[in-house]
Amino acid sequence: MIKLMIGNQKGGVGKTTTAITVARCLADRGFRTLLIDSDPQGSIAVTLRLKPEAYFSDFILNQLRLPDCVVKIAERLDVLCGNRETTAMEQRIFTMYGREHVFQNAFRMYEESYDAIVVDVAPSISLLQACSMVFCQNVLIPISMDTLSVSGAGATIFSAQTIGDSVRTPIHTLALLPTIVNRRFGLTDVVMKMVQQLSDTYKIPVLNAIRTDQIIGKAARAHRMIADIDPKAKALEDYEGATSAILDLLKPQLLSSEHQHGETIAV
Ligand SMILES: Nc1ncnc2c1ncn2[C@@H]1O[C@H](COP(=O)(O)OP(=O)(O)O)[C@@H](O)[C@H]1O
Ligand SMILES: [Mg+2]
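Residues numbered from 1 in each chain as written. Chains lettered and ligands numbered in written order. Predicted model: local features only at pLDDT ≥ 70, side-chain atom pairs only at ≥ 80, totals over all residues. Heavy atoms only, no water.

Visitor: Looking at this structure, I do not really get the overall build of the protein. What am I missing?
Guide: A count of helical and extended segments in the protein gives 11 helices and 7 strands. Carbon and sulfur atoms provide 51% of the accessible area of the protein, an area that totals close to 12,600 Å². Between the mean site of the 27 positive side-chain charges and the mean site of the 28 negative ones, the protein shows a separation of 4 Å. (Helix = DSSP H or I, 4+ residues; strand = E, 2+ residues; numbered from the N terminus. Areas by Shrake-Rupley, 256 points an atom, 1.4 Å probe, with all protein chains shown as cover. Lys, Arg positive; Asp, Glu negative; His and termini not counted. Charge placed at Lys NZ, Arg CZ, Asp CG, Glu CD.)

The following block contains the structure:
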């Protein structure tokens, strides 16, 4: 089972776009994928104009069955949507015993139903982010081409380390993913150098960049996924490459979980 949180403490860096597109790429490769929106802004439901019968908070707090809460948005791809109630959910989780493990416990009985889980998070340091990190144990950090986005990435790496230490669960910052990259902007080279420094300091690989592509705005306006609008779009090609790189990075974990469970997952 692959679990991946998409996080950066800065907003507008391409987290939601990355979560939706990587989840879709995984589903298209045959992974039964669950995309979870843990952002109270509910960006995924808004972006894809989904009207779910129930939300993430209903699943966690009211203990509804997961299949009754998800929306199928493509072959092998389900979404568990977030909304403003996610904030109330966070307040309730705060009072729970072993709160960082709440998602792990809630999803345990559905682990057989999916091969991959991708979690989109809000741009903040919150309990939900900590729960998502502990649940996924793998963090992918999109970084757009501005310096604050690099600071947000640094803060996310630090959170992953401190949260991992405090709950004694290893949390891997899997990779840094440059997003919304346009080589014609002067700042791009400066920011890419900063990303490389972050990579050298923490020994975290940098994936090939996702180029700026108008198709992403177009897809958002049409409330569709890129693959359904233009399967040849350059941003999609870049996200396909990123997905292959992510799978390569996760291979050691997949092999060891196969070993433990005696199952075979085709990568
Ligand atoms: N590769 C890209 N090319 C052009 N626009 C992009 C790209 N990636 C993201 N965007 C746009 O940037 C904005 C922020 O992206 P989003 O995924 O919502 O970021 P976050 O979830 O980090 O706030 C959105 O308007 C989105 O359409
Ligand atoms: Mg977002």
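Next comes the rest of the description.
Visitor: What's the story with the sheet that holds strand 2 (residues 33–37) in this structure? I'm lost.
Guide: Consider a sheet: its strands pair through backbone hydrogen bonds, and that pairing is either parallel or antiparallel. Read across the sheet, 7 strands follow the order 3-4-2-5-1-6-7 without closing on themselves; strand pairing throughout is mixed. Edge positions in the sheet fall to strand 3 (71–74) and strand 7 (172–179), since each has one partner strand and no second. Each adjacent strand pair in this sheet contributes to an overall mean axis angle of 25°, direction not counted. Where strand 1 (residues 2–6) lies against strand 6 (residues 138–144), 2 bridges are found, and the strand directions are parallel. Paired with Met 5 across the two strands is Val 139, which belongs to strand 6. Each of strand 6 and strand 7 is contacted by helix 8 (residues 186–202), which is oriented at about 170° to strand 7, the strand it contacts most. (Pairing = 2+ DSSP bridges. Axes fitted to C-alpha atoms, helices over the stretch in contact; angles between N-to-C directions. Contact = heavy atoms within 4.5 Å.)

Visitor: Looking at this model, I keep getting lost on the state of the cysteines. Mind explaining?
Guide: One covalent bond between the sulfur atoms of two cysteine residues makes up a disulfide. What the rule picks out here adds up to 0 disulfides. A disulfide-free cysteine, Cys 25 has its sulfur positioned 18 Å from the sulfur of Cys 136, the nearest such atom. Here Cys 69 is not cross-linked by a disulfide; its sulfur's nearest cysteine counterpart is in Cys 81, at 10 Å. (Disulfide = S-S within 2.5 Å.)

Visitor: Quick question: what am I supposed to make of the nonpolar core here?
Guide: The nonpolar side chains of soluble globular proteins are, as a tendency, buried together. If you look at the biggest cluster of nonpolar residues, it comprises 49 residues, and the most contacted ones within it are Leu 80, Phe 103 and Phe 107. By residue number, the principal contributor to this core is helix 6 (residues 127–136), which donates 8 residues. Once residues within four sequence positions are removed from consideration, Phe 107 is found in contact with Leu 34, Ile 36, Phe 56, Phe 59, Leu 66, Leu 80 and Phe 135. By size, the runner-up hydrophobic cluster in this structure holds 44 residues, among which are Val 22, Leu 140, Ile 215 and Leu 236. (Core = buried A, V, L, I, M, F, W, Y, C linked by side-chain atoms within 4.5 Å. Buried < 20%, exposed > 50% of the residue type's maximum accessible area, 1.4 Å probe, protein only.)

Visitor: Any chance you could explain the side chain of Thr 86 here in plain terms?
Guide: Turning to its location among the elements, Thr 86 is positioned in helix 4 (residues 85–94). Owing to a relative accessible area of 0%, Thr 86 belongs among the buried residues under this scheme. Here Thr 86 is in contact with Ser 38, Pro 40, Ser 57 and Leu 128, once residues within four sequence places are set aside.

Visitor: When you look at the site of ligand 1 in this model, what are you seeing that I'm missing?
Guide: Around ligand 1, the structure places 13 residues, and the nearest of them are Gly 12, Lys 15, Thr 16, Thr 17 and Asp 213. Here an oxygen atom of ligand 1 sits 2.9 Å away from a polar atom, N or O, in the main chain of Thr 16. The side chain of Thr 17 places a nitrogen or oxygen atom 2.6 Å from an oxygen atom of ligand 1. For ligand 1, whose accessible area on its own is 560 Å², the fraction buried by protein is 72%. A total of 3 residues in the shell around ligand 1 trace back to one element, the largest contributor, which is helix 1 (residues 15–28). Counted by class, the shell around ligand 1 contains 4 nonpolar, 6 polar and 3 charged residues. (Near = heavy atom within 4 Å. Polar contact = N/O pair within 3.5 Å; in protein donor to acceptor, adjacent residues only side chain to side chain. Nonpolar A, V, L, I, M, F, W, Y, C, P; charged D, E, K, R; others polar.)

Visitor: I keep staring at the side chain of Thr 243 and nothing clicks. Help me out?
Guide: As for its placement among the helices and strands, Thr 243 is situated in helix 11 (residues 234–261). For Thr 243, a relative accessible area of 1% translates into the label buried. Within the structure, Thr 243 has its side chain in polar contact with the backbone oxygen of Tyr 239 (distance 2.7 Å). Each residue touching Thr 243, except ones within four places of it in the same chain, is listed here: Val 22, Cys 25, Leu 26 and Arg 29.

Visitor: What is the right way to read the packing of helix 6 against helix 7 (residues 147–167) from this model?
Guide: What describes two packed helices is the angle between their axes and the distance between those same axes. Two elements in contact, helix 6 and helix 7, have axes separated by 10 Å at closest approach and are oriented at 70°. Taken together, the axes of helix 6 and helix 7 lie roughly perpendicular to each other. Taking contact as the criterion, the partners of Ala 130, Met 133 and Val 134 in helix 6 are, on helix 7, Thr 156, Ser 159, Ala 160, Ile 163 and Val 167. Within the contact of helix 6 with helix 7, the residues separate by chemical class into 6 nonpolar, 2 polar and no charged. (Parallel < 35°, antiparallel > 145°, perpendicular 65-115°, else oblique.)

Visitor: Just checking my understanding: could you explain the pattern of salt bridges for this structure?
Guide: When the charged atoms of two side chains lie near each other, side chains of opposite charge can form a pair. In the structure shown here, the tally under the stated rule is 11 salt bridges. Asp 228 is the salt-bridge partner of Arg 24, the closest N and O atoms lying 3.0 Å from each other. In this pair, Arg 24 sits in helix 1 while Asp 228 sits in helix 10 (residues 226–229), placing the two residues 204 residues apart along the sequence. The class of Arg 24 is buried, set by a relative accessible area of 11%. By relative accessible area, Asp 228 is classed as partly exposed at 35%. A salt bridge links Glu 75 to Lys 72; the shortest N-O distance between them is 3.7 Å. Comparing Glu 75 with Lys 72, the two get one shared label, exposed. (Salt bridge = Lys/Arg side-chain N within 4 Å of Asp/Glu carboxyl O.)

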